[in-house]
Amino acid sequence: MTLTAEEIFDKLKEKLGDAILNYEFKEYKMGVKRPRTYKEVWMEIDKNAFKKAVETIFEIDYPHLHFITGGDIGEVIQMIYAFGLFHRHPWSEVSIVLKFDLPKNELVLPTITDLMLGAETNEREIREMLGIEFDGLKNKRHLFLPDDWPEGKYPWRRDEYGVDDMIKHTHKSVKDIREERGEQSG
């Protein structure tokens, strides 16, 4: 049996209560000959409710992990986790997107690899690129950066400088970097 996006949200609301700070239902139409509807639930949650939210998703249905990502938006790192529920049922999948902010002085999250081993790659990437520690993550080797990459330097962070490698400036254009250095762009 599958649940609708609204029914899934109701179950999450029952468990999380006021830890859901904001939410939105999104609907997409696909197909021409046989039109279908695809639904998503986007929820902004309190960071302290993160693990409980993920555990609740797992109680509803074993999800497909779409992605884990994060972005430096100033004083915080905004985390986004996207899961697909009921993905084994054609055209019944519902995406659940969890969004929350982590203050830069508290960059620790519980791992979800105890629930889904496949999350390890995503967590390792976020760890090395943004500096978020995942409590309980066993494998902490780098995935993309060389083994001798300087400790405490994170390529996706906007507030850190000192690594001369261009990867450090992935959020800036070449023109912006040249202007900062006082070079001619052209």
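These numbers come from a predicted model, not from an experiment.

Any chance you could explain helix α3 (residues 120-130) here in plain terms?
Working note: α-helix, 3.6 residues per turn, so residues spaced by three or four point in the same direction. With eight of 11 residues buried, α3 is to be regarded as a mostly interior element. Buried within α3 we find Asn122, Glu123, Arg124, Ile126, Arg127, Glu128, Met129 and Leu130. Next to the buried residues of α3 lie β3 (64-72), β4 (76-85), β6 (108-110) and β7 (133-135). Two residues or fewer after α3 comes Gly131, characterised by a positive phi angle close to 85°.

What's the story with the pattern of salt bridges in this structure? I'm lost.
A side chain of one charge can pair with a side chain of the opposite charge when the charged atoms of the two come close. Going through the model one piece at a time under the given rule, you end up with 12 salt bridges. When the shortest N-O distance is used, the salt bridge between Lys51 and Asp114 registers 2.8 Å. Taken together, the residues span a long stretch of sequence, with Lys51 in helix α2 (residues 50-60) and Asp114 in the loop between β6 and α3 at a distance of 63 residues. By relative accessible area, which is 17% here, Lys51 ends up buried.

Quick question: what am I supposed to make of the side chain of Ser95 here?
Looking at the element boundaries, Ser95 is found in strand β5 (residues 94-103). Polar side-chain contacts of Ser95 include one of 2.3 Å to the side chain of Tyr38. Apart from the residues lying within four places of it in its own chain, the contact partners of Ser95 are Tyr38, Lys39, Glu40, Val41, His66, Phe83 and Gly84.

Can you walk me through helix α1 (residues 5-16) in this structure?
Helix length check: α1 (12 residues) gives 16 Å between terminal C-alpha atoms against 16 Å at 1.5 Å per residue, within 8%. Every buried residue of α1 is listed here: Ala5, Ile8, Phe9, Leu12 and Leu16. The buried residues of α1 occupy an angular sector of 100° when the element is viewed end-on, so they sit on one face. Contacts made by the buried residues of α1 are with β1 (20-30), β2 (36-45), α2, β4 and β5. At the C-terminal side of α1, Gly17 shows a positive phi close to 55°.

For this particular structure, what's the right way to read the confidence of the model for the protein chain?
The predicted coordinates of low-pLDDT regions are not to be read in fine detail. With 89% of its residues at a pLDDT of 70 or more, the protein chain has an overall mean of 89. Helix α4 (residues 174-181) is the least confidently modelled element of the protein chain, averaging 70 in pLDDT, while α2 averages 98, the highest of any element.

Sorry, what's going on with the packing of aromatic side chains here?
The relative placement of two aromatic rings is captured by the distance of their centres and the angle of their planes. The tally for this structure, following the rule as stated, stands at nine aromatic pairs. The interplanar angle of 35° and the centroid separation of 6.5 Å between the aromatic rings of Tyr28 and Tyr38 together place this pair among those described as tilted. With Tyr28 in strand β1 and Tyr38 in strand β2, this pair connects stretches of sequence that are 10 residues apart. Residue classification places Tyr28 among the partly exposed residues on the basis of a relative accessible area of 35%. Relative to Phe100, the ring of Phe50 has its centre 5.1 Å away and its plane inclined at 40°; by these criteria the two rings are tilted. Taken together, the residues span a long stretch of sequence, with Phe50 in helix α2 and Phe100 in strand β5 at a distance of 50 residues. The residues Phe50 and Phe100 share a single accessibility class, namely buried. Here the guanidinium or amino end of Lys26 rests over the ring plane of Trp42, the centre of that ring lying 4.2 Å away.

The rules behind each value
Residues numbered from 1 in each chain as written. Predicted model: local features only at pLDDT ≥ 70, side-chain atom pairs only at ≥ 80, totals over all residues. Heavy atoms only, no water. Buried < 20%, exposed > 50% of the residue type's maximum accessible area, 1.4 Å probe, protein only. Helix = DSSP H or I, 4+ residues; strand = E, 2+ residues; numbered from the N terminus. Contact = heavy atoms within 4.5 Å. Salt bridge = Lys/Arg side-chain N within 4 Å of Asp/Glu carboxyl O. Polar contact = N/O pair within 3.5 Å; in protein donor to acceptor, adjacent residues only side chain to side chain. Expected span 1.5 Å × (residues − 1). Arc of directions from axis to C-beta. pLDDT = per-residue confidence, 0-100. Phe/Tyr/Trp six-rings, centres within 6.5 Å; stacked < 30°, edge-to-face > 60°. Lys NZ or Arg CZ within 6 Å of the ring centre and 35° of its normal.

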